Amino acid sequence: MVAVIARRARILFLVATALPLAACITTSSRPEPPVSMKEAAQYNMQLGINYLRQGDLQAARTKLEKAIEQDDSLATAYSALGLVFERLGDNPGAEKNYRRAVSLAPDDPDALNALGVFLCLQKQETSEAMRYFERALAVPLSKSDSNKAMVYTNAGVCAKRVDMGKAESYLRSALAADPNFAQALLQLADVSFGRANYLQSRAFLERFLAASPATPDALWLGFRVENALGEASAARTYGERLKKEFPESVETRELLESQRNAG
């Protein structure tokens, strides 16, 4: 169960961390040419974030480091560079940049959230990570208020390691901020399953599948929920979908292994 939670958390955290960075990108595919050093820094930061979104980590690193060289007050550039280093497997470099972003913008919920995600996921520092999530959630209404559901969800995922009840509370707060936030629905389904609230888990999972395309972890959870409820036919339907739609997934391997063990 722990390994499954960790795998889902990785998917959630990395996607969520990238969201605020994407908000910095202009609607045009080409940023406006710079006319001053600060504008040049913004230009390079936007290019770096574009490269990051495309998965070109080396180009992203080059542009983001250039942006910081031109203007070392750009907290978002440091957060983006932290994500680049994290994806490159350089955790010390990632932490240095995430912390620098927070030192420059101590009330920026996006920077606080990014550091919290890193601490929870990569360093297993749950207590410290939760403090950064709480700081992000305490920021008054602002341009980043739309990210509240994301931060609550990240906090809930992190809290699952130590307190399932607290995790459920965070995730319910995420839905209070955005009733259709898909990842919160899926995480609540998982928490409810972990607490043996199988009917509640089914309800949250059905809401997730109505709001979002199916994912391997959602279908695998559905299989286990229906088995726990004694609904063999429904479980079989989830299992067949998982094997058909995601044949190469880790969850499909787990399903096949469970079926072999069952005889």
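Residues numbered from 1 in each chain as written. Predicted model: local features only at pLDDT ≥ 70, side-chain atom pairs only at ≥ 80, totals over all residues. Heavy atoms only, no water.

### With respect to the pattern of salt bridges
Consideration 1: All chains considered together, the criterion is met by twelve salt bridges.
Consideration 2: Between R99 and E128 there is a salt bridge, with the nearest N and O atoms lying 3.0 Å from each other. Taken as a pair, R99 in helix α5 (residues 91–104) and E128 in helix α7 (residues 126–138) lie far apart in primary sequence, 29 residues in all.
Consideration 3: Judged by its relative accessible area of 29%, R99 falls in the partly exposed class.
Consideration 4: For R172, the salt bridge identified is with E168, shortest N-O distance 3.1 Å. With a gap of four residues between them, R172 and E168 both fall in helix α9 (residues 164–177), about one helical turn apart. (Salt bridge = Lys/Arg side-chain N within 4 Å of Asp/Glu carboxyl O. Helix = DSSP H or I, 4+ residues; strand = E, 2+ residues; numbered from the N terminus. Buried < 20%, exposed > 50% of the residue type's maximum accessible area, 1.4 Å probe, protein only.)

### Details of the packing of helix α10 (residues 182–194) against helix α11 (residues 198–211)
Consideration 1: Remark: α10 packs on α11, axes separated minimally by 8 Å, with the N-to-C direction vectors making an angle of 160°. The pairing of α10 with α11 is recorded here as roughly antiparallel in orientation. The handedness of the crossing between α10 and α11 comes out as left-handed. Residue-level inspection shows A182, L185, L186, L188, A189, S192 and F193 of α10 in contact with α11, the latter providing Y198, Q200, S201, F204, L205, R207 and F208.
Consideration 2: A breakdown of the residues in the contact of α10 with α11 according to their chemical character gives ten nonpolar, three polar and one charged. (Axes fitted to C-alpha atoms, helices over the stretch in contact; angles between N-to-C directions. Parallel < 35°, antiparallel > 145°, perpendicular 65-115°, else oblique. Left-handed = near helix turned anticlockwise from the far one by under 90°. Contact = heavy atoms within 4.5 Å. Nonpolar A, V, L, I, M, F, W, Y, C, P; charged D, E, K, R; others polar.)

### Observations concerning the state of the cysteines
Consideration 1: Inspection of every chain in the model, using the stated rule, returns one disulfide.
Consideration 2: What pairs with C120 in a disulfide is C158, and their sulfur atoms sit 2.1 Å apart. Every disulfide takes its handedness from the sign of the S-S torsion; for C120 and C158 that torsion is 110°, giving right-handed. Here C120, found in helix α6 (residues 109–121), pairs with C158, found in helix α8 (residues 148–159); they are 38 residues apart in sequence, far enough to count as distant. Grouping residues by exposure puts C120 and C158 together as buried. (Disulfide = S-S within 2.5 Å.)

### Let's talk about the confidence of the model for the chain
Consideration 1: On average, residues of the chain carry a pLDDT of 87, and 84% of them reach 70 or more.
Consideration 2: Per-residue pLDDT stays below 50 along residues 1–28; that stretch engages in 63 contacts with residues further than four places along the chain or on separate chains. (pLDDT = per-residue confidence, 0-100.)

### Remarks on the nonpolar core
Soluble globular proteins: nonpolar side chains tend toward being buried together.
Consideration 1: Grouped together as the largest cluster of nonpolar side chains are 68 residues, with contacts concentrated most on L64 and F133.
Consideration 2: Discounting residues that sit within four places of it in the chain, L64 has contacts with N44, M45, G48, I49, A77, A80, L81 and V84. (Core = buried A, V, L, I, M, F, W, Y, C linked by side-chain atoms within 4.5 Å.)

### Comments concerning α9
An α-helical segment advances 3.6 residues per turn. Residues three or four places apart therefore align on the same side.
Consideration 1: With 14 residues, α9 should cover 20 Å at 1.5 Å per step; its first-to-last C-alpha distance of 20 Å lies within 8% of that length.
Consideration 2: Summarising the contacts, the buried residues of α9 are in contact with α7, α8, α10 and α11.
Consideration 3: For α9, the N-terminal capping position is held by D163, with its side-chain oxygen 3.0 Å away from the main-chain nitrogen of G165. (Expected span 1.5 Å × (residues − 1). Polar contact = N/O pair within 3.5 Å; in protein donor to acceptor, adjacent residues only side chain to side chain.)

### Observations regarding the packing of aromatic side chains
Consideration 1: All chains considered together, the criterion is met by three aromatic pairs.
Consideration 2: Pairing W220 with F223 gives two aromatic rings, centres 5.7 Å apart and planes at 15°, and the pair type is stacked. Within this pair, W220 and its partner F223 are both found in helix α12 (residues 216–228), separated by three residues, close to a single helical turn.
Consideration 3: Look at W220 and you get buried, because its relative accessible area is 8%.
Consideration 4: The class of F223 is buried, set by a relative accessible area of 11%. (Phe/Tyr/Trp six-rings, centres within 6.5 Å; stacked < 30°, edge-to-face > 60°.)

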